[in-house]
Amino acid sequence: MESPDEKQHEDCGGGGSGSGIKEQDRLLPIANVGRIMKQILPPNGKISKEAKETMQECVSEFISFVTGEASEKCHKEKRKTVNGDDICWALNALGFDDYVEPMRRYLQKYREMEGDRVASSSSSSAAARDQTGAAGAAPFAFHPMDRNN
């Protein structure tokens, strides 16, 4: 008999026929995956459809894998919401140590920006809103190839 972990892994990856999850709901949009891949290539670089589809499958499985680990932690702690700290914990628990600190820095910056955004939106001053820029705009980017920043 399969363990729940094996069943979850089968449902989240590989497109098993018994999963009941439509592929479009299981996978990140291929256009988004292609755009992310293109960012690292030289301007004249090209990416095959096969490479995009392979990466699409891989990153979707990775997200499910890490989120599943974080979700198990939350379940054990009787919490329903997976947060950024849970994702960092899961990355560490799964051996993705190189990504934990960049993710913690991203999470800290995200929380700072969200705090600024909430504070500015609660202000009735239009000038305060103009200074903060567009809501939701990210002034920084998490770049996994730059793990030391």
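Everything here concerns the structure above.
The paragraphs below set out a description of the structure included in this document. Fair warning: this is a prediction, and the values are worked out from it, not measured in the lab.

As a further point, take the overall build of the chain. Counting its secondary structure elements, the chain contains 7 helices and 0 strands. Across the 149 residues that make up the chain, the buried fraction comes to 17%. The contacts in the chain between residues at least 6 apart in sequence include a share of 46% that link residues at least 24 apart. Taken as a whole, the chain presents about 10900 Å² of accessible surface, with 54% of it coming from carbon and sulfur.

A few words on the packing of helix 3 (residues 30-40) against helix 4 (residues 49-76). Axis separation between helix 3 and helix 4 bottoms out at 9 Å; the angle between their running directions is 105 degrees. Of the possible angle classes, the one that applies to helix 3 and helix 4 is roughly perpendicular. Packed against helix 3, whose contacting residues are Ile-30, Val-33, Gly-34 and Met-37, the element helix 4 presents Ala-51, Lys-52, Glu-53, Met-55, Gln-56 and Val-59 at the interface.

Here we come to helix 6 (residues 97-122). Across its 26 residues, helix 6 extends 38 Å between first and last C-alpha, which sits within 8% of the 38 Å expected from 1.5 Å per residue. The set of residues buried in helix 6 consists of Val-100, Pro-102, Leu-107 and Ser-120.

Let us look at the nonpolar core. Across soluble globular proteins, nonpolar side chains have a tendency to be buried as a group. Core analysis: the largest hydrophobic core is formed by 5 residues, namely Val-66, Ala-70, Ala-90, Leu-91 and Val-100. Of all the elements in the fold, those that place two or more residues in this core are helix 4 and helix 5 (84-93). Apart from the residues within four sequence positions on either side, Ala-70 is in contact with Val-82, Asp-86, Ile-87 and Ala-90.

Moving on to the pattern of salt bridges. The tally for this structure, following the rule as stated, stands at 9 salt bridges. Glu-57 is the partner of Arg-26 in a salt bridge, and the nearest nitrogen-oxygen pair spans 2.9 Å. With Arg-26 in helix 2 (residues 23-26) and Glu-57 in helix 4, the pair connects residues that are 31 residues apart, well separated along the chain. Put simply, Lys-73, Glu-77, Arg-79 and Asp-86 are held in one network by salt bridges that share partners.

Another point: unusual backbone geometry. One non-glycine residue, Lys-78, lies in the positive phi region at around 55 degrees. With respect to the helices, strands and loops of the structure, Lys-78 is situated in the loop between helix 4 and helix 5.

Under the criterion given, the structure shown has 2 aromatic pairs. Between Tyr-106 and Tyr-110, the aromatic rings sit 6.3 Å apart at their centres with planes inclined by 20 degrees, giving stacked as the arrangement. A residue pair is termed a helical-turn pair when its members lie 3 or 4 positions apart in one helix, as Tyr-106 and Tyr-110 do in helix 6 at 4 residues. Accessibility expressed as a relative area gives 31% for Tyr-106, which makes it partly exposed. The cationic tip of Lys-73 hangs over the ring face of Trp-89; the distance from NZ or CZ to the ring centre is 5.6 Å.

Where helix 5 is concerned, the buried positions are Asp-86, Cys-88, Ala-90 and Leu-91. As for helix 5, its buried residues are in contact with helix 4 and helix 6. Sitting at the head of helix 5, Asn-83 places a side-chain oxygen 2.9 Å from the backbone nitrogen of Asp-85. Gly-95 occupies a position one or two residues after helix 5 and carries a positive phi of about 90 degrees.

Reading the values: the criteria
Residues numbered from 1 in each chain as written. Predicted model: local features only at pLDDT ≥ 70, side-chain atom pairs only at ≥ 80, totals over all residues. Heavy atoms only, no water. Helix = DSSP H or I, 4+ residues; strand = E, 2+ residues; numbered from the N terminus. Buried < 20%, exposed > 50% of the residue type's maximum accessible area, 1.4 Å probe, protein only. Contact = heavy atoms within 4.5 Å. Areas by Shrake-Rupley, 256 points an atom, 1.4 Å probe, with all protein chains shown as cover. Axes fitted to C-alpha atoms, helices over the stretch in contact; angles between N-to-C directions. Parallel < 35°, antiparallel > 145°, perpendicular 65-115°, else oblique. Expected span 1.5 Å × (residues − 1). Core = buried A, V, L, I, M, F, W, Y, C linked by side-chain atoms within 4.5 Å. Salt bridge = Lys/Arg side-chain N within 4 Å of Asp/Glu carboxyl O. Phe/Tyr/Trp six-rings, centres within 6.5 Å; stacked < 30°, edge-to-face > 60°. Lys NZ or Arg CZ within 6 Å of the ring centre and 35° of its normal. Polar contact = N/O pair within 3.5 Å; in protein donor to acceptor, adjacent residues only side chain to side chain.

These figures come from the coordinates and say nothing about function on their own.
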